[in-house]
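Understanding the architecture of this molecule
One-letter residues, chain by chain:
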Amino acid sequence: MERNFLLALALSFLVLTLWTFYTAPPAPPPGAPPAAPAPSAPEGPESPGLPAPAPAAPPTAVPVPAPSAQATPQAPAQPAAEERVVALETDRVRAAFTTRGGGLVHWQLREWDDAYLPGRPRVELTTFDPTREVALFTPFEELGGGDLRFAPYVAEQDGPLAVEFRHSVGGVEIRKRYALEPDSYLLSLRIALENRSDRLLRPTFQVGWPTVGRPTPDWTELSLAAYVDGSAEHLRLAPGGAAVGGFFGGSAGPVEHPSDVDWAGADTRYFLAALLPEVPRDAGSRLIPGGNGRSATAEIAQVAVNLPPGQTAAREYRVYLGPKESERLEAAGANLDQAIQKGWFPALTDFFTAVLVATHRVIPNYGIAIILITVVVRLLMYPVMQRQMQSMKRMSAIQPRLKEVQEKYADDRQKQSEEMMKLYRESGFNPLSGCLPMLLQLPVFIGLYYALQGSIQLRQEPFFGWIHDLAAPEALFVVPGLELPVRLLPILMGGSMVLQARLTPTTVDPAQARMMNTIMPVMFTFMFYQFASGLVLYWLVSNLLGIGQQLLINRSSEAK
């Protein structure tokens, strides 16, 4: 049972780690802790002062949530009217809007920086090339003027936190009004159409968000996501924007949801850009992968409306563009908190995250907080672990007699089972006593795994020495020429597994035991090589405490 359980757990980790290896960004250079962030001065309304993200080629064809896909035009090289950029900012964000399409070109988080980019700039959620694309674009092809996502608008600032854009086409006026919310990462968007023509129109309100990845830990696990009919669905993206189908298959093309969409957008491990329609039941979404120079795009489209002459139709949206902090996501509503992956036991993940944050308030070092939590968990699990270890010890003691029974009744399976059960009763051994403790530990491990792997609180938090980021793999140094990072924590963890295996009584054939005691530590070392250092630290400390507990059991057994 122990071997099968470990094999199943190992294979599960192997799939997860190979996935991580496939999309992992390069490790930060060792020995160079990131400099402390410097405060930034606010910029003027016409000079946003926002860094341009890494360039990305324009999309050549972006389908929309409609029966037939239309070719997506590139931004004109020479705009018909002079482009104007309007900057708005709060204490938390700095945004820049453009008259080109009446879209968003920069959204910068003032309280979050990226230690893996030169100069440690503030985190920018608009990662596309702002000279070729815009976020929150609105095509409105049904108005008869073609794709209007780059049409020239006229801007009018409405106070320090709002701006309105206007564009007229074919006797229809389009108005897009943006408003920032103070002390928040939410942006409100109201889109209105006024039909001044003599035609009956049937426009579709459609809003899109383009995204491309970056080679830093913040952009690992980049995906397009939508919360549809009670569950979050993800379309995982490779660094170039193409869809990742996964080892067991999966969608590699556009994913459509016709209705009941609470939100859709771009999701990373620590940050979220999500479009929230006012009426989810009337909203559909389309997640469109990129690749080959095209950005990936998340789009939301609402049911087409009849717009008679002289009438006005409007739709309102909220856009969340910020960190995946549970309190803020829950306050935003629309099931936005489901963007945080919590595994099979979300209550345990929430509990361990809360304990981690509370411990850090007392001891302001998340590495020490992880060690303390590991010790406490081990103490709480001590009776369960003790029973499992004692069970293995008793099983090892009766193993010679079990072997005799198996050899004696090799041709009579029924008699063999009866004699084995008789031997178990005589020795007071329960075959299930070793399995149950392992099953009880599984929810704890999964809850801790998601709490340590996904907590934004660990992002760029140092431990000591060369460990500058508990949310990323550590690197003691990099082998020159091979560019191979040498990571001490996974190596120590593998060594602790070897020692623990030698101390633990086994019930299998000695040759088989030696093979398992070699393969399992090597496999786990390989798997943990790309895991966040905070998670590896937990596993290493847990192993060391397990070794101490096993030594106590072995000595008490020898004393008897």
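Located above this text is the structure these notes cover.
The model shown is predicted, which means the values in this text are computed figures rather than measured ones.

**Looking at the pairing of strand β14 (residues 271–277)**
- Counting buried positions along β14 gives seven out of seven residues, so the element sits mostly inside the fold.
- Where burial is concerned, the two faces of β14 agree: the one with F271, A273, L275 and P277 and the one with L272, A274 and L276 are both buried.
- Alignment of strand β13 (residues 261–267) against β14, held across four bridges, turns out to be antiparallel. When the bridges of β14 are listed, G265 appears paired with A274.
- Between β13 and the antiparallel strand that follows it, β14, lie three residues.

**Observations concerning the pattern of salt bridges**
- Under the definition given, this model contains 21 salt bridges.
- For the salt bridge of E194 with R196, the shortest nitrogen-to-oxygen distance reads 3.3 Å.
- Taking the relative accessible area as the measure of exposure, E194 reaches 23% and is therefore partly exposed.
- Shared partners join several salt bridges into a network, and the residues in it are E173, R175, E194 and R196.

**Some remarks on the environment of A232**
- By secondary structure assignment, the location of A232 is in strand β11 (residues 231–236).
- Residues A232 and Q338, 106 residues apart in the sequence, show an inter-C-alpha distance of 6.7 Å.
- Not counting residues within four places of it along the chain, the set of residues in contact with A232 comprises A226, Y227 and Q338.

**Thoughts on the side chain of Q460**
- Mapped onto the secondary structure, Q460 falls in the loop between α7 (435–454) and β18 (477–479).
- In this structure Q460 comes out as buried when scored by relative accessible area, which is 12%.
- Of note is the side chain of Q460, whose polar atom sits 3.3 Å from the side chain of D113.

**Remarks on the pairing of strand β3 (residues 104–113)**
- Counting buried positions over the ten residues of β3 gives nine, a clear majority of the element.
- In this sheet, β3 lies alongside strand β2 (residues 93–98) in antiparallel orientation, the contact comprising five bridges. Directly across from V93, in β3, lies its bridge partner L109.
- The antiparallel pairing of β2 with β3 creates a hairpin that spans five residues between the two strands, and G101 there sits at a positive phi of about 80 degrees.
- Judged from the three bridges that link them, β3 and strand β4 (residues 122–124) form a sheet pairing that is antiparallel. Note on β4: the bridge partner recorded for Q108 is E124.

**Some remarks on the nonpolar core**
- F97, W107 and L136 are the most contacted members of the largest nonpolar core, which totals 117 residues.
- Setting aside chain neighbours within four positions, we find F97 in contact with R84, V85, V86, L88, G103, L104, V163, F165, Y178, L180 and L187.
- By size, the runner-up hydrophobic cluster in this structure holds eight residues, among which are I398, V405, Y409 and L423.

**A look at the packing of aromatic side chains**
- Taken as a whole, this structure holds 17 aromatic pairs when the rule is applied.
- Ring geometry for F165 against Y178: centres 6.0 Å apart, planes inclined by 80 degrees, an arrangement best described as edge-to-face. Placement of the pair is F165 in strand β6 (residues 162–169) and Y178 in strand β7 (residues 172–180), with a sequence separation of 13 residues. Of the two residues, F165 and Y178, neither departs from the other in class, the shared state being buried.

**A closer look at helix α4 (residues 366–380)**
- Helix length check: α4, at 15 residues, gives a terminal C-alpha distance of 21 Å against a target of 21 Å (1.5 Å per residue), a fit within 8%.
- Among the residues of α4, those classed as buried are Y366, G367, A369, I370, I373, T374, V377 and R378.
- Of the residues that open α4, the one with a side-chain oxygen 2.8 Å from the backbone nitrogen of G367 is N365.

Each value, and the rule that gives it
Residues numbered from 1 in each chain as written. Predicted model: local features only at pLDDT ≥ 70, side-chain atom pairs only at ≥ 80, totals over all residues. Heavy atoms only, no water. Buried < 20%, exposed > 50% of the residue type's maximum accessible area, 1.4 Å probe, protein only. Helix = DSSP H or I, 4+ residues; strand = E, 2+ residues; numbered from the N terminus. Pairing = 2+ DSSP bridges. Salt bridge = Lys/Arg side-chain N within 4 Å of Asp/Glu carboxyl O. Contact = heavy atoms within 4.5 Å. Polar contact = N/O pair within 3.5 Å; in protein donor to acceptor, adjacent residues only side chain to side chain. Core = buried A, V, L, I, M, F, W, Y, C linked by side-chain atoms within 4.5 Å. Phe/Tyr/Trp six-rings, centres within 6.5 Å; stacked < 30°, edge-to-face > 60°. Expected span 1.5 Å × (residues − 1).

So yeah, pure geometry; function would need other evidence.
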